[in-house]
Amino acid sequence: MSAHEFTVDDLKRILREGAGADESVDLDGDILDIDFESLGYESLAMLETGSRIEREFDVTLDDDTLTDAKTPRALIEAVNGALVPSGVV
């Protein structure tokens, strides 16, 4: 399934499905600029998250994208930058 845009709601859903959520972290709050480590997601969880994003959104993310994107905002921007606009081949 390809999408027009990857949103914070998409990211929250994928984080919960793939790596779960630390009970002490409120993913429903304003998390855009909180680093993933503080949210309880370490590198293995982020690799799983990246794999799920790639499959669901039909996009390829290189390893640097996942390691360089320290916050949800940075990851969302990177994924949206990699998405092919609808109708473009």
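Per chain, residue numbering runs from 1 following the sequence as it is written. Owing to the predicted nature of the model, reporting of local features is limited to residues with pLDDT of at least 70; listing and counting of side-chain atom pairs is limited to 80 or more, with chain, interface and lining totals taken over all residues. Hydrogens and water molecules were not included; the side-chain quantities draw on all heavy atoms of the structure.

Caption draft 1: Molecular detail of the overall build of the protein. Looking only at helices and strands, one finds four helices and zero strands in the protein. Each helix (α) and strand (β) of the protein, taken in turn from the N terminus, gives the series α-α-α-α. We call a residue buried when its accessible area falls under 20% of the maximum for its residue type, exposed when it is over 50%, and partly exposed in between, using a 1.4 Å probe and counting protein chains only. The 89 residues of the protein split such that 35% are buried. Contacts are assigned to residue pairs that have any heavy atoms within 4.5 Å of one another. For the protein, the proportion of contacts with a sequence separation of at least 24, taken over those separated by at least 6, is 63%. Carbon and sulfur atoms make up 47% of the accessible area of the protein, which totals about 5400 Å². A run of H or I in DSSP counts as a helix once it spans at least four residues, and a run of E counts as a strand once it spans at least two, with each numbered from the N terminus. For the area figures, the Shrake-Rupley method with a 1.4 Å probe applies, and any residue is considered shielded solely by the protein chains shown.

Caption draft 2: Here's a closer look at helix α4 (residues 72-82). Burial in α4 covers these residues: P72, L75, I76 and V79. Considered in projection along α4, the buried side chains sweep an arc of 100 degrees and stay on one side of the axis. Away from the buried face of α4 by more than 90 degrees, exposed residues E77 and G81 are located. What the arc measures is the spread of directions leading from the helix axis to the C-beta atoms.

Caption draft 3: Molecular detail of the environment of N80. Here N80 lies in helix α4. Residues N80 and T7, 73 residues apart in the sequence, show an inter-C-alpha distance of 8.5 Å. With residues up to four places along the chain from it excluded, the contact list for N80 reads E5 and F6.

Caption draft 4: Summary view of the nonpolar core. Core analysis: the largest hydrophobic core is formed by 21 residues, its most contacted members being F6, L11, F36, Y41, I53 and L75. Taken together, the elements giving at least two residues each to this core come down to α1 (8-19), α2 (43-57) and α4. A per-element tally of this core places α2 first, with four residues. In contact with F6, other than residues within four places in its own chain, are L11, I14, I53, F57, I76, V79, N80 and L83. What we call a nonpolar core is a set of buried Ala, Val, Leu, Ile, Met, Phe, Trp, Tyr and Cys residues that are connected through their side-chain atoms within 4.5 Å.

Caption draft 5: The arrangement of the pattern of salt bridges in detail. What makes a salt bridge here is a side-chain nitrogen of Lys or Arg within 4 Å of a carboxyl oxygen of Asp or Glu, nothing more. Evaluation of the coordinates by the stated rule reveals seven salt bridges. Across the pair E56 and R13 runs a salt bridge, and its minimum N-O distance is 2.5 Å. One end of the pair, E56, is in helix α2; the other, R13, is in helix α1, and 43 residues separate them in sequence. Of the charged contacts, one joins D28 and R16 as a salt bridge, the two residues approaching to 3.0 Å between their closest N and O atoms. Note that D28 is positioned in the loop between α1 and α2 and R16 in helix α1, a separation of twelve residues in sequence. When its relative accessible area of 57% is taken as the criterion, D28 is described as exposed. Salt bridges here are not isolated pairs; linked through shared partners, they connect D10, R13, E17, E48, R52 and E56.

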